[in-house]
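Analysis of the macromolecular model
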Amino acid sequence: FIPCAIIILLNYFDYTIKDKTDIESKSSLPIIGTILHNKHSDKVPVKTKPKSSIAESFRAIRSNLAYFLKHNDNTNIIALTSTISGEGKSFCALNLAAILSLINKKVLIIGLDLRKPRLAEMLNMSNNIGVTTHLIGRDSLDDIIVHSDIQNLDVIVAGPIPPNPAELIESPEFNDFINNCKQRGYDYIILDTPPIGLVADTIA
């Protein structure tokens, strides 16, 4: 009786997510895919390990996205966030952008985590100019767009960490920035946003 009681109590107080059925039982939101843990040292396994299981999981999400996004000539904007830092949000954003670009879609990924930028580090790029320097009027849009070594994938990194990230994202200049990016003819714009459970930047 005692071992059974312990097992029941442990299961009752276990609030971790074991599989997608735990989410489906508590939410009506659709699940378009699951991402495996990255066992490779590469930051973009969809490119370097195209036959790996994790690359297949991103391909499944790419296929399922077609059922949720409208088929039109407008740019599809996808924002990726997480509850806390360190859950792999930037990794998923970068690999989703890469897997979309591999089917000849013109993709732009924007690093909008202005508090703890990771995108530049993952791509071995300089973070001296980016979203923040453009929003304060120092650099033009052409200056901050970088063509990556992945075909059809352009990158805008976050730039230097500002003292007022929330105010920059809520500014009229940010709306102009997004609209100008849309006018560049991208099929997809992927936004790597801050963790929604920690800061309000993503909601803004």
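Note that the structure is a prediction, hence the values are computed from the model and not measured. (Residues numbered from 1 in each chain as written. Predicted model: local features only at pLDDT ≥ 70, side-chain atom pairs only at ≥ 80, totals over all residues. Heavy atoms only, no water.)

This brings us to the overall build of the chain. Helices and strands together make up the secondary structure of the chain, namely 10 helices and five strands. Dimensions of the chain along its principal axes, counting C-alpha atoms only, are 70 × 40 × 35 Å. Counting only residues that meet the buried cut, the chain has 38% of its 204 residues in that class. The contacts of the chain with a sequence gap of at least 6 include a subset with a gap of at least 24, amounting to 71%. With an accessible surface of roughly 12200 Å², the chain has 55% of that area assigned to carbon and sulfur atoms. (Helix = DSSP H or I, 4+ residues; strand = E, 2+ residues; numbered from the N terminus. Buried < 20%, exposed > 50% of the residue type's maximum accessible area, 1.4 Å probe, protein only. Contact = heavy atoms within 4.5 Å. Areas by Shrake-Rupley, 256 points an atom, 1.4 Å probe, with all protein chains shown as cover.)

What links the strands of a sheet is backbone hydrogen bonding, and the strands pair in either a parallel or an antiparallel sense. Strand order in the open sheet formed by five strands is β1-β5-β2-β4-β3, with mixed pairing between adjacent strands. Among the strands making up the open sheet, the edge pair consists of β1 (76-80) and β3 (146-147). With five bridges joining them, strand β2 (residues 107-111) and strand β5 (residues 188-192) adopt parallel strand pairing. Among the inter-strand pairings, Gly111 is bridged to a residue of β5, identified as Asp192. Against the sheet, helix α10 (residues 172-182) engages β1, β2, β4 (153-156) and β5, with an angle of about 160° to β2. (Pairing = 2+ DSSP bridges. Axes fitted to C-alpha atoms, helices over the stretch in contact; angles between N-to-C directions.)

This paragraph deals with the pairing of β1. Of the two faces of β1, the one lined by Asn76, Ile78 and Leu80 is fully buried and the one lined by Ile77 and Ala79 carries no buried residue. In terms of strand pairing, β1 meets β5 through five bridges, oriented parallel. Its bridge partner being in β5, Ile78 is matched across the sheet by Ile190.

Of all residues except glycine, most have a negative phi; of all peptide bonds, most are trans. For Asn104, which is not a glycine, the phi torsion comes out positive at approximately 65°. Within the fold, Asn104 resides in the loop between α5 (89-101) and β2. Under the relative-accessibility criterion, Asn104 is labelled exposed at 62%.

Attention now goes to the packing of aromatic side chains. Tallying each qualifying case throughout the model produces three aromatic pairs. Where Tyr12 meets Phe13, the ring centres are 5.0 Å apart and the plane angle is 90°; that geometry is what we call edge-to-face. The pair Tyr12 / Phe13 is uniform in exposure class, with both members exposed. The interplanar angle of 65° and the centroid separation of 6.2 Å between the aromatic rings of Phe58 and Phe91 together place this pair among those described as edge-to-face. With a gap of 33 residues between them, Phe58 in helix α4 (residues 53-65) and Phe91 in helix α5 connect regions that are remote in the sequence. Per residue, the accessibility class of Phe58 equals that of Phe91, and both read buried. Taking NZ or CZ as reference, Lys106 lies 4.9 Å from the ring centre of Tyr186, over its face. (Phe/Tyr/Trp six-rings, centres within 6.5 Å; stacked < 30°, edge-to-face > 60°. Lys NZ or Arg CZ within 6 Å of the ring centre and 35° of its normal.)

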